[in-house]
Structures are given as structure tokens and as C-alpha cells.
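# Working through the structure, step by step
Chain residues, written in single-letter form:
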Amino acid sequence: MSELVAWSVEIDSMTCVVFATTKPKARWLAVSAYWEAGYGRKRMWPRPVAWREPRFDKSALNGGEIGRAYTREYVETYP
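Residues numbered from 1 in each chain as written. Predicted model: local features only at pLDDT ≥ 70, side-chain atom pairs only at ≥ 80, totals over all residues. Heavy atoms only, no water.

### Section: the side chain of Asp-57
What counts here: Secondary structure elements are taken from DSSP: a helix is a run of H or I of four residues or more, a strand is a run of E of two residues or more, and numbering for both begins at the N terminus. Relative accessibility under 20% of the residue-type maximum defines a buried residue, over 50% an exposed one, and the middle range a partly exposed one, all with a 1.4 Å probe and only protein chains included. Should any heavy atoms of two residues lie within 4.5 Å, those residues are counted as being in contact.
Assignment of secondary structure puts Asp-57 in the loop between β3 (49–52) and α2 (72–77). Judged by relative accessible area, Asp-57 falls into the buried class, the value being 16%. For Asp-57, the contacting residues outside a window of four places in its chain are Val-5, Ala-6, Arg-52 and Asn-62.

As C-alpha cells, then:
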């Protein structure tokens, strides 16, 4: 299995951090969280933009709850 790494994903000016093995997986996790939070419509795919966030790779949140999306502020201040 590949190592989970940190990604920031922006959807409609909202940004979250997810831990995934690939960019497409990061986008999928963010879209799933976006829909779960009640944004968008399930049949309408938003336009997520993802980029690597290597500074968060060693976060204690990495490897936590699979598929969870976090705010950047939360990841930055997490113990």
C-alpha cells in the first residue's frame, strides 16, 4: 500500500486538507466530504483543485479517520 500524503483541495472557494495516496483520490475524498456537509448536489460534480501540502505529511491526523477532510487551520494547530 502507498503512503498517505497531505493534499489541500479547493471547491467553490472552500479549502480542506485530506490525506490520500494520489491526487484523484484526494479530490474524491474532498468532494465526498463536501457533499456530506450538504454542499452542492450529488449528481453535479464540482470542480475540485488539489495540490500537495508536504508540510502536513507528518501530522498526527495522517492515518486517522480514513476519508476525513479537515480545515487547514485545524491541521496547523492540531497537537
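### Some details on the confidence of the model for the protein chain
Formally: Note on scores: pLDDT gives the predictor's confidence for each residue, bounded by 0 and 100.
The share of residues in the protein chain with pLDDT of 70 or more is 99%, and the mean pLDDT across the chain is 93. Confidence, expressed as mean pLDDT per element, reaches its minimum in the protein chain at helix α1 (residues 23–36) with 95 and its maximum at β3 with 98.

### Some points on the sheet that holds strand β2 (residues 14–20)
Put simply, the test is: Between any two strands, pairing holds if DSSP finds at least two bridges. Only C-alpha atoms enter the line fits that serve as axes; for helices the fit covers just the stretch in contact. Angles between N-to-C directions range over 0 to 180 degrees.
Strand order across the open sheet formed by three strands is β2-β1-β3, with antiparallel pairing between neighbours. Of all strands in the sheet, those with a lone pairing partner are β2 and β3, marking the two edges. Strand-to-strand twist across the sheet, computed as the mean angle between neighbouring axes with direction ignored, equals 30 degrees. Those strands touched by α1 are β1 (5–11), β2 and β3, and its axis lies near 125 degrees from that of β2.

### Concerning the pattern of salt bridges
For clarity, the cut-off: Should a side-chain nitrogen of Lys or Arg be within 4 Å of a carboxyl oxygen of Asp or Glu, the pair is scored as a salt bridge.
One pass over the structure, following the stated rule, counts five salt bridges. Put simply, Arg-72 and Glu-53 hold a salt bridge, and the shortest N to O gap is 3.1 Å. Taken as a pair, Arg-72 in helix α2 and Glu-53 in the loop between β3 and α2 lie far apart in primary sequence, 19 residues in all. Glu-65 is the salt-bridge partner of Arg-68, the closest N and O atoms lying 3.6 Å from each other.

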